[in-house]
Amino acid sequence: PTALLALHDTLALGAFDAAHRLGLDVPRDLTIVGIDDTPGADTLGLTTVLVPYRPMGELAGELLVRQLEGERIDHDPPRLPSALVLRTSAAPPRPAQ
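If you're wondering where the values come from, they're calculated on a predicted model, not measured in any experiment.

Student: In this structure, what is going on with the overall build of the protein chain? I would like to understand it.
Tutor: Looking only at helices and strands, the protein chain features 2 helices and 4 strands. Sequence-ordered secondary structure for the protein chain, helices as α and strands as β, is β-α-β-β-α-β. In terms of overall size, the protein chain is more extended than a compact globule, its C-alpha atoms giving a radius of gyration of 18 Å where 97 residues would be expected to give roughly 13 Å. With respect to the three principal axes, the spread of C-alpha positions in the protein chain is 60 × 30 × 20 Å. Summarising the internal contacts of the protein chain: among those between residues at least 6 apart in sequence, 66% fall at separations of at least 24.

This is how it looks when you write it as C-alpha coordinates:
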(Lines give C-alpha, C1' and ligand atoms only; values in the text may rest on other atoms or scores of the structure.)
Protein backbone atom coordinates (compact mmCIF):
# COMPACT_ATOMS: atom_id res chain seq x y z
CA PRO A 1 0.00 0.00 0.00
CA THR A 2 1.02 3.57 -0.58
CA ALA A 3 -1.56 5.15 1.71
CA LEU A 4 -3.39 4.49 4.94
CA LEU A 5 -6.58 6.13 6.23
CA ALA A 6 -7.05 5.65 9.96
CA LEU A 7 -10.47 6.10 11.53
CA HIS A 8 -9.05 8.42 14.18
CA ASP A 9 -5.95 10.58 14.50
CA THR A 10 -4.72 8.50 17.43
CA LEU A 11 -4.64 5.40 15.22
CA ALA A 12 -2.96 7.40 12.46
CA LEU A 13 -0.24 8.54 14.87
CA GLY A 14 0.30 4.89 15.86
CA ALA A 15 0.66 4.01 12.19
CA PHE A 16 3.09 6.91 11.84
CA ASP A 17 5.27 5.42 14.60
CA ALA A 18 5.02 1.91 13.12
CA ALA A 19 6.03 3.19 9.69
CA HIS A 20 9.10 4.87 11.14
CA ARG A 21 10.04 1.69 13.06
CA LEU A 22 9.83 -0.21 9.75
CA GLY A 23 12.12 2.32 8.10
CA LEU A 24 9.37 3.82 5.93
CA ASP A 25 9.44 7.49 5.12
CA VAL A 26 6.15 9.31 5.60
CA PRO A 27 4.99 10.54 3.10
CA ARG A 28 7.51 9.36 0.47
CA ASP A 29 6.81 5.66 1.10
CA LEU A 30 3.44 5.88 2.82
CA THR A 31 0.80 8.59 3.07
CA ILE A 32 -1.02 8.57 6.41
CA VAL A 33 -4.31 10.37 7.00
CA GLY A 34 -6.40 10.47 10.17
CA ILE A 35 -9.82 11.75 11.11
CA ASP A 36 -10.70 14.30 13.84
CA ASP A 37 -7.87 16.86 13.77
CA THR A 38 -7.02 16.15 17.38
CA PRO A 39 -4.71 18.47 19.32
CA GLY A 40 -1.10 17.81 18.37
CA ALA A 41 -1.90 16.50 14.88
CA ASP A 42 -0.69 19.76 13.40
CA THR A 43 2.61 19.60 15.30
CA LEU A 44 3.38 16.19 13.81
CA GLY A 45 2.23 17.19 10.33
CA LEU A 46 -0.62 14.68 10.24
CA THR A 47 -3.04 15.17 7.36
CA THR A 48 -6.53 14.74 8.76
CA VAL A 49 -10.22 15.14 8.07
CA LEU A 50 -11.97 17.72 10.22
CA VAL A 51 -15.42 16.41 11.18
CA PRO A 52 -17.97 18.87 12.61
CA TYR A 53 -18.87 16.75 15.66
CA ARG A 54 -20.56 19.51 17.67
CA PRO A 55 -22.96 20.55 14.86
CA MET A 56 -23.53 16.87 14.14
CA GLY A 57 -24.51 16.22 17.76
CA GLU A 58 -26.72 19.29 17.88
CA LEU A 59 -28.52 18.21 14.71
CA ALA A 60 -28.95 14.66 16.02
CA GLY A 61 -30.41 16.00 19.27
CA GLU A 62 -32.78 18.31 17.40
CA LEU A 63 -34.01 15.47 15.18
CA LEU A 64 -34.46 13.18 18.17
CA VAL A 65 -36.52 15.76 20.07
CA ARG A 66 -38.69 16.37 17.00
CA GLN A 67 -39.33 12.64 16.63
CA LEU A 68 -40.11 12.26 20.34
CA GLU A 69 -42.64 15.06 19.94
CA GLY A 70 -44.35 13.01 17.23
CA GLU A 71 -42.99 14.70 14.13
CA ARG A 72 -42.22 12.36 11.27
CA ILE A 73 -38.85 13.08 9.69
CA ASP A 74 -39.09 11.81 6.13
CA HIS A 75 -36.23 13.70 4.54
CA ASP A 76 -32.47 13.43 4.76
CA PRO A 77 -30.87 15.76 7.29
CA PRO A 78 -28.77 18.59 5.87
CA ARG A 79 -25.19 17.80 5.00
CA LEU A 80 -22.61 19.18 7.38
CA PRO A 81 -19.32 20.51 6.07
CA SER A 82 -16.14 18.59 6.67
CA ALA A 83 -12.67 19.53 5.50
CA LEU A 84 -9.47 17.82 4.51
CA VAL A 85 -6.59 19.44 6.37
CA LEU A 86 -3.50 18.80 4.26
CA ARG A 87 -0.23 18.57 6.11
CA THR A 88 3.13 16.89 5.54
CA SER A 89 2.03 13.26 6.07
CA ALA A 90 0.38 13.14 2.62
CA ALA A 91 1.95 13.13 -0.82
CA PRO A 92 0.87 12.22 -4.35
CA PRO A 93 1.11 8.50 -5.12
CA ARG A 94 4.48 7.43 -6.37
CA PRO A 95 4.68 6.39 -10.03
CA ALA A 96 4.03 2.74 -10.91
CA GLN A 97 7.19 0.75 -11.54
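Student: Could you clarify how one ought to interpret helix H2 (residues 53-68) in this entry?
Tutor: For an α-helix, the turn length of 3.6 residues means that residues three or four places apart are oriented alike. The end-to-end C-alpha separation of H2 is 22 Å, in line with the 22 Å expected for 16 residues at 1.5 Å each. Immediately downstream of H2, the backbone of Gly70 shows phi near 95 degrees, a positive value.

Student: I tried to follow the environment of Ser82 on my own but got confused; where do I start?
Tutor: Here Ser82 lies in the loop between H2 and strand S4 (83-85). Separated by 31 residues in sequence, Ser82 and Val51 place their C-alpha atoms 5.1 Å apart. Among residues more than four places away in sequence, those in contact with Ser82 are Leu50 and Pro52.

Student: Just checking my understanding: could you explain the pairing of strand S2 (residues 31-35) for this structure?
Tutor: Two faces make up the sheet, and in a regular strand the side chains alternate between them. Across the 5 residues that make up S2, a large majority, 5, are buried. Handedness of the β-α-β unit built from strand S1 (residues 3-5), helix H1 (residues 9-21) and S2 comes out right-handed. Bridge count between S2 and strand S3 (residues 47-50): 3 bridges; the pairing is parallel. By the bridge assignment, Ile35 is partnered in S3 with Val49.

Student: Explanation requested: the nonpolar core in the structure shown.
Tutor: In terms of nonpolar packing, the biggest core is built from 10 residues, these being Ala6, Ala12, Ala15, Phe16, Ala19, Val26, Leu30, Ile32, Ala41 and Leu46. Here the element with the most residues in this core is H1; it accounts for 4 residues. If sequence neighbours within four positions are ignored, Ala15 has contacts with Leu4 and Ile32.

Student: It is not clear to me how the sheet that holds S3 should be interpreted in this structure. Could you clarify?
Tutor: For sheets, the rule is that strands pair by backbone hydrogen bonds, running either parallel or antiparallel. Across the sheet, 4 strands lie side by side as S1-S2-S3-S4; this open sheet has mixed pairing. Of all strands in the sheet, those with a lone pairing partner are S1 and S4, marking the two edges. Between one strand and the next, the sheet's axes are offset by a mean angle of 20 degrees, whatever the strand orientation. Note that S1 and S2 share 3 bridges and pair parallel. Looking at S2, one finds that Leu5 is bridged to Val33. H1 contacts S1, S2 and S3 of the sheet and is inclined by roughly 160 degrees relative to S2.

Definitions and limits used
Residues numbered from 1 in each chain as written. Predicted model: local features only at pLDDT ≥ 70, side-chain atom pairs only at ≥ 80, totals over all residues. Heavy atoms only, no water. Helix = DSSP H or I, 4+ residues; strand = E, 2+ residues; numbered from the N terminus. Rg over C-alpha atoms; globule rule 2.2 N^0.38 Å. Contact = heavy atoms within 4.5 Å. Expected span 1.5 Å × (residues − 1). Buried < 20%, exposed > 50% of the residue type's maximum accessible area, 1.4 Å probe, protein only. Right-handed = clockwise from strand over helix to strand, strands pointing away. Pairing = 2+ DSSP bridges. Core = buried A, V, L, I, M, F, W, Y, C linked by side-chain atoms within 4.5 Å. Axes fitted to C-alpha atoms, helices over the stretch in contact; angles between N-to-C directions.

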